There are 2 protein chains.
Amino acid sequence: MSSVTIPNNKVNEPVDHEQPTTRRLRLLSLHLNPPTTTHNNNNLQLEACSSRAKIDVDTNQLSTYLRGKHRDVQEQVFEYFNSRPDLQTPIEILKDEYRELCMRQLVGLVREAGIRPFRYVVDDPSKYFALLEAVGSVDMSLGIKMGVQYSLWGGSVLNLGTKKHRDKYFEGIDNLEYLGCFAMTELHHGSNVQGIQTVATFDPLTDEFIITTPNDGAIKWWIGNAAVHGKFATVFAKLMLPTNDKNSLSDMGVHAFIVPIRDLKTHKTLPGVEINDCGHKVGLNGVDNGALRFRDVRIPRDNLLNRFGDVARDGKYTSPLPTINKRFAATLGELVGGRVGLAYSSVGVLKIAATIAIRYSLLRQQFGPPKQPEISILDYQSQQHKLMPMLASTYAFHFATVHLVEKYSQMKKTHDEQLVADVHALSAGLKSYSLSICREACGGHGYAAVNRFGSLRNDHDIFQTFEGDNTVLLQQVAGDLLKQYQEKFRGGAFAATWSYLRESMNTYLSQPNPVTARWEGEDHLRDPKFQLDAFRYRTSKLLQSAAVRLRKHTKTLGSFGAWNRCLNHLLTLAESHIETVILENFIEAIKSCPDANSRAALKLVCDLYALNLIWSDIGTYRNVDYVAPNKAKAIHKLADYLSFQVKNIAKELVDAFDLPDHVTRAPIGKQSPGEAYAEYTQFVGF
Amino acid sequence: MSSVTIPNNKVNEPVDHEQPTTRRLRLLSLHLNPPTTTHNNNNLQLEACSSRAKIDVDTNQLSTYLRGKHRDVQEQVFEYFNSRPDLQTPIEILKDEYRELCMRQLVGLVREAGIRPFRYVVDDPSKYFALLEAVGSVDMSLGIKMGVQYSLWGGSVLNLGTKKHRDKYFEGIDNLEYLGCFAMTELHHGSNVQGIQTVATFDPLTDEFIITTPNDGAIKWWIGNAAVHGKFATVFAKLMLPTNDKNSLSDMGVHAFIVPIRDLKTHKTLPGVEINDCGHKVGLNGVDNGALRFRDVRIPRDNLLNRFGDVARDGKYTSPLPTINKRFAATLGELVGGRVGLAYSSVGVLKIAATIAIRYSLLRQQFGPPKQPEISILDYQSQQHKLMPMLASTYAFHFATVHLVEKYSQMKKTHDEQLVADVHALSAGLKSYSLSICREACGGHGYAAVNRFGSLRNDHDIFQTFEGDNTVLLQQVAGDLLKQYQEKFRGGAFAATWSYLRESMNTYLSQPNPVTARWEGEDHLRDPKFQLDAFRYRTSKLLQSAAVRLRKHTKTLGSFGAWNRCLNHLLTLAESHIETVILENFIEAIKSCPDANSRAALKLVCDLYALNLIWSDIGTYRNVDYVAPNKAKAIHKLADYLSFQVKNIAKELVDAFDLPDHVTRAPIGKQSPGEAYAEYTQFVGF
């Protein structure tokens, strides 16, 4: 029989009129004598699972499996900030102070703790991403500021430039002397990068480029590190070259240029550069986003990042790539590393939010059966329904990002085009998840800033927008899928990630099997074969029907109009594909787990992830009779039941994320529940 | 043929190197010569609607219908704050300053603008709620601070006290001399009010009550106005009366007491009262929430709010109500006014968020057909899918709150029990809606604090928690429904709001009609009869199946366990009921609208509201064959198409909310799109 373990709060009930010192002593004693726990014979919802024991999860085993090979650098980060309380971000801080603090945090990490992120970017991307996750867990602003410096500014110099740029800038970027910006977005153009209007005109007389902002709409906007700290910016602009006709210029498309914006010694803004502050943001106020306007700023010809296109002394253009579009795609393709970093950091935030919300939900008691003690709010089906699928997604995303980073590292070595597409798809799908549910699940105490949901959500919120609005990225994923679908019919191959489509498109496009549509046993529903089949079926069906609809509408609306007409359908297709890849990965990750109990726990979590998603689009499955009515009901029932089962090991599952209290920080999210309320009342001043 | 009107931005394109004064003049000139608009022959998605003209909405007519009878007081509020820029909340402000500013705003409104909210509370609740909506639109912290003073502290004195209390406190509450708090929630108990531990013991020797906080868990927590400004608090505590046996006390249940907490003249905290600051919150930082601990604080016997239970000089208890539970229910029932106010304010926030997000989406252009101008992002199906259902819900909620306030006013006059239940249900269902979609829909510029989504969301976010966690309130609604369902079988009557259940339960419980399940014509799907039938069918089905499941599980799990086992089901039932009531109201509101074009516009919006909700639970409808597969597809298609149609009049629909620019405030949400970007660049300093 399964049982619910609830800490016996009476043991820790603060004594009235206790002096602060006495209280502190009592609290300290809890470290030595952890509160005794009693087995509360809470038999809610148990009839259906009386035959199954609660999985005895060994948190250490599970945690070891999750941690990966770069835990050391993460611990180094955690330890450094734990040893420097002066660098801890306070609950309330004004924007300007926050930016300075964030800069001090970054400098401390690099110059004092001796972490050299730019080396990792080059030598071992997976180590860099692990670092980024840890840094983001400490403060998301710091994570983003670091990402701007090393992934965006540093990454553009490394990946779009050539040896001369690396030789000149590597050391300064690494040691933070050359703090830099990534100036792509303009006031009027974010997603549509090809629509940017900033120009870089080559002047053959002086061998320079002239960088110009032609109108207000072309002001570079939201540029991280620009408002206060940046010395340089990688500026994306249309390269204009003189033609034989002296009065005209030829537009060579978007290129990247290194533009110094502040004096290296005096830090004064350089002539011709105008910098304003984008001001207070919804979150991430430790990052100094600014707006840049260029009034005919001259830079040496060498400052063109010339890997994919170069200009000679005489103004002649050369490129290893044949067309503007190919060069543009290659340029943007090199920037996917930033997005991989965001996906990684995003999962880090999810882990913290899940940890705090679930620990508090185990601690908090409210209502109970008549004349019996109150029960923990995580014992309520509604609370399980809010938090357990979220926990399952966190696990699913964790394994997906681990996989993503592996793919990315391979891609950096092999430059395989299929891998590029795979990395793009996964990174697009992983960087967004709403955290509101966690705040809501924690009621009033979740609204106290000290308990962190506000800053976690506000900082995290922009993830679905920056480095590519998700709506736009998902369209690119859908576009890739359709391209591959069309190539299949011309005999081409699917990229690795969507090989399931190659293998089984025909199977999936035939009528669903009326026999299996009625199978509703738990063994069947928890069989990875069924789950994968359902996910793949949905993706294949959406892909095939999208192709048919697009062909039909293109005749009357043109290709742009047809695409827009099917846009919601295409976004669903992209999400469905990404979910399929995530599930495949999760299933593989379970197989590779060496510890049997950890494996069983992960299987439970994975089943919840899969069945919850199937249920959330049950209308589609029902509509094609992929599942019969009773099977749909059985899926719903099992998803609820799995939430209950996962709840029974929820404490262990969040403990396995291995986030020390000094990183999670929220008083209501303490690992040892006996301390939570006491820490909270102390924080308030009692 | 329908057409999309897009402002011709070229006209307003700022000129490079323009001097600030020149720019200002040019912008001012736009007021006199509004930018010419061109009819962009955007024929996306139009084939299916080529026969229908865009509705020619007269914003004034629609606005007049929406405004209601208390627009004057709302305009008074808007004008007052427009005339006092010094009282405007800045983008960035520290908690302590914000609290003082918020207090000055409230004092200005009452003592300078001459608005007397407490009079309205008594004489005309609908005027009070209209005021609250307007005040919340200016600043939600101010709305909440005002609500604490007049709905909660003032409301408890009026509704739980008797004439002596009104005589003594009315004037001071109204003119803000007696600023007060509502001290119900404790650290360990929010939703479970009956579990609070604070005690009020009668001392017959001195004719006083002794208010005591017995342990840390009983500290009053989250108390608005407590940290800084409050002089009094209505404290909820268990009333303890001496028994004949001198050593024991009798617990009479939760009662409310007026406890002075600060000196009226010196503002010093009174002896025995300990006040701490709950600190920085996720939002609403203009409100000073504090924590209160009472160390045997003595108050006169007269300070018991004695409407539902009184203590005589000799300690004898009398009450017009027979049991503790009845008294508790009556006490809580009187507090529903606060929740009605929240529902009203919540809709006010939705209107602002929808206005800003939709205006920006009309202004913002990104991508377009090859070699053609970019199109506005609201022309994308995905953006319509995000924002149009949200706009439809805002309209639906608007009419529902108007209805709610009418019911509430009736209830205050008649004290009809059925009305109490109706008001409770609607107020519970209306006070929560996620605003995240608006921020996301506005991408990066939605992340600038100046554009307000951050504060709107962070302030609004707690609405689903305070004055009753929605999960708990919805359970009460489900409980009421079940009670009425059982009474029906004993021949009782349903309350007015759920009369549809009385009338047609039997119809709804029979098998769906296999003929109508196949009807899929637009006329049928847009017929209010079909829509209402679908909503009612779903509610009836959920109600009946919940009753059956509860009965079954009660046998093995007991009533508490059975309830928890069915909790998600019960929450869905409550939501379904509330949605049904909202739809009924929306349909009635359309019928009453005198202007034909406004009516047509509202009908479109209502159809979107209804079909979008049907589609979002299509699995349930399909599972019982209430709709056939093709009908399900037709509903999906029509919902998408209605989003497109509503988009065509979206500008007029938000203009009809009639929120002046100085209230919406976001630069990207200007009514005149020509100014939006320019105001934004000016804000940043260009």
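Residues numbered from 1 in each chain as written. Chains lettered and ligands numbered in written order. Predicted model: local features only at pLDDT ≥ 70, side-chain atom pairs only at ≥ 80, totals over all residues. Heavy atoms only, no water.

- Under the annotation held in an unreviewed UniProt entry, chain A carries the name Acyl-coenzyme A oxidase and is attributed to Ambrosia artemisiifolia.
- The Cofactor (unreviewed entry) comment attached to chain A in UniProt states, word for word, "FAD".
- You can read under Subcellular location (unreviewed entry) in the UniProt record for chain A the words "Peroxisome". (UniProt positions renumbered as here; feature names shortened; annotations may be inferred.)

Digging into the side chain of R538 of chain A
- In this fold, R538 of chain A is placed in helix α19 (residues 528–565).
- Dropping the residues within four chain positions of it, R538 of chain A is found in contact with T572, S576, E579, D617 and Y621 of chain A. (Helix = DSSP H or I, 4+ residues; strand = E, 2+ residues; numbered from the N terminus. Contact = heavy atoms within 4.5 Å.)

Section: the sheet that holds strand β6 (residues 220–223) of chain A
Residue and element names in this part refer to chain A.
- A sheet is described by the order of its strands in space; here 3 strands give the open sequence β6-β10-β9, paired in antiparallel fashion. What marks the edges here is a single partner per strand, and that holds for β6 and β9 (273–277). The average undirected angle you get between the axes of adjacent strands in this sheet is 25 degrees.
- For β6 and strand β10 (residues 290–294), the ladder comprises 2 bridges, and the chain directions are antiparallel. When the bridges of β10 are listed, K220 appears paired with L292. (Pairing = 2+ DSSP bridges. Axes fitted to C-alpha atoms, helices over the stretch in contact; angles between N-to-C directions.)

Thoughts on the sheet that holds strand β9 (residues 273–277) of chain B
Residue and element names in this part refer to chain B.
- If you walk across this open sheet you meet the 3 strands as β6-β10-β9, and the pairing is antiparallel. The two strands at the open ends of the sheet, each matched to only one other strand, are β6 (220–223) and β9. The average undirected angle you get between the axes of adjacent strands in this sheet is 25 degrees.
- Bridge count between β9 and strand β10 (residues 290–294): 5 bridges; the pairing is antiparallel. Within β10, the position partnered with D277 by the bridge is G290.

Comments concerning the packing of helix α3 (residues 59–67) of chain A against helix α12 (residues 381–414) of chain A
All names here are of chain A.
- Close contact between α3 and α12 brings their axes to 11 Å; oriented N to C, the two are set at 40 degrees. Considered as vectors, α3 and α12 are oriented oblique to each other. Contact residues: L62, Y65 and L66 in α3; Y395, H398 and F399 in α12.
- Within the contact of α3 with α12, the residues separate by chemical class into 5 nonpolar, 1 polar and no charged. (Parallel < 35°, antiparallel > 145°, perpendicular 65-115°, else oblique. Nonpolar A, V, L, I, M, F, W, Y, C, P; charged D, E, K, R; others polar.)

Some words on the interface of chain B and chain A
- In this complex, chain B contributes 104 residues to the contact, which on the side of chain A involves 103 residues.
- Of the roughly 9,200 Å² buried at the junction of chain B and chain A (both faces included), carbon and sulfur atoms supply 52%.
- Area buried by chain B at its contact with chain A is led by Y447, F560 and F686 of chain B, which between them contribute 10% of it.
- Across the contact surface, chain B and chain A share 3 salt bridges.
- A salt bridge links R457 of chain A to D461 of chain B, with the shortest nitrogen-to-oxygen separation between them at 3.2 Å.
- On the surface where chain B and chain A come into contact, there are 53 residue pairs in polar contact (both at pLDDT 80 or more).
- Top contributing element to the side of chain B that touches chain A by residue count: helix α19 (residues 528–565) of chain B, with 7 residues.
- Of the residues in the side of chain B that touches chain A, the class split is 39 nonpolar, 38 polar and 27 charged. (Buried area = accessible area lost by both parts, 1.4 Å probe. Salt bridge = Lys/Arg side-chain N within 4 Å of Asp/Glu carboxyl O. Polar contact = N/O pair within 3.5 Å; in protein donor to acceptor, adjacent residues only side chain to side chain.)

Topic: the UniProt feature "domain: Acyl-CoA oxidase C-terminal" (unreviewed entry) in chain A
- Residues given the UniProt feature "domain: Acyl-CoA oxidase C-terminal" (unreviewed entry) here are residues 527–682 of chain A.
- Strand forms 0% of residues 527–682 of chain A and helix 83%; the C-alpha atoms that close the span are 49 Å apart.

With respect to the UniProt feature "domain: Acyl-CoA oxidase/dehydrogenase middle" (unreviewed entry) in chain A
- Cross-referencing UniProt, the feature "domain: Acyl-CoA oxidase/dehydrogenase middle" (unreviewed entry) maps to residues 181–297 of chain A in the present numbering.
- Taken end to end, residues 181–297 of chain A comprises 0% helix and 44% strand; its first and last C-alpha atoms sit 16 Å apart.

Some points on the pattern of salt bridges
- Counted under the stated rule, the structure contains 85 salt bridges over all chains.
- A salt bridge links K164 of chain A to D302 of chain A; the nearest nitrogen and oxygen atoms lie 2.7 Å apart. Linking K164 of chain A in helix α9 (residues 163–174) with D302 of chain A in the loop between β11 (297–300) and β12 (310–311), this pair joins segments that are 138 residues apart in sequence.
- Owing to a relative accessible area of 33%, K164 of chain A belongs among the partly exposed residues under this scheme.
- Judged by its relative accessible area of 42%, D302 of chain A falls in the partly exposed class.
- When the shortest N-O distance is used, the salt bridge between R536 of chain B and E584 of chain B registers 2.9 Å. Of this pair, R536 of chain B sits in helix α19 while E584 of chain B sits in helix α20 (residues 567–592), and the two are 48 residues apart along the sequence. (Buried < 20%, exposed > 50% of the residue type's maximum accessible area, 1.4 Å probe, protein only.)

Observations concerning the environment of T539 of chain A
Residues and elements named next belong to chain A.
- Along the polypeptide, T539 turns up in helix α19.
- T539 sits in the buried class, given a relative accessible area of 0%.
- Linking T539 and R551, residues 12 residues apart in sequence, is a C-alpha distance of 18 Å.

Thoughts on the relation of the copies chain B and chain A
- For the pair chain B and chain A, the superposition axis carries a translation of 0.0 Å, the fit reaches an RMSD of 0.0 Å, and the rotation angle comes to 180 degrees. On this basis, the relationship between the two copies can be described by a two-fold rotation axis. Residue G619 of chain B, judged by its C-alpha, is the member of chain B lying nearest the rotation axis, at 2.0 Å. (Least-squares fit on C-alpha atoms with pLDDT ≥ 70 in both.)

Quick word on the pairing of strand β7 (residues 232–242) of chain A
Residue and element names in this part refer to chain A.
- Among the 11 residues that make up β7, 9 are buried, leaving the element largely enclosed by the rest of the structure.
- Taken together, the 4 bridges between strand β3 (residues 180–183) and β7 define a ladder with parallel strand orientation. Bridge pairing in β7 links A183 to V235.
- Inspection of the sheet shows strand β4 (residues 199–203) paired to β7 by 3 bridges, in the parallel sense. In the sheet register, A200 faces β7, and the bridge partner there is L239.
- Of the pairings in the sheet, the one linking β7 to strand β8 (residues 249–260) comprises 10 bridges and is antiparallel in character. Considered in β8, the bridge of A233 is made with V259.
- Between β7 and β8, which pair antiparallel one after the other, the connecting turn spans 6 residues.

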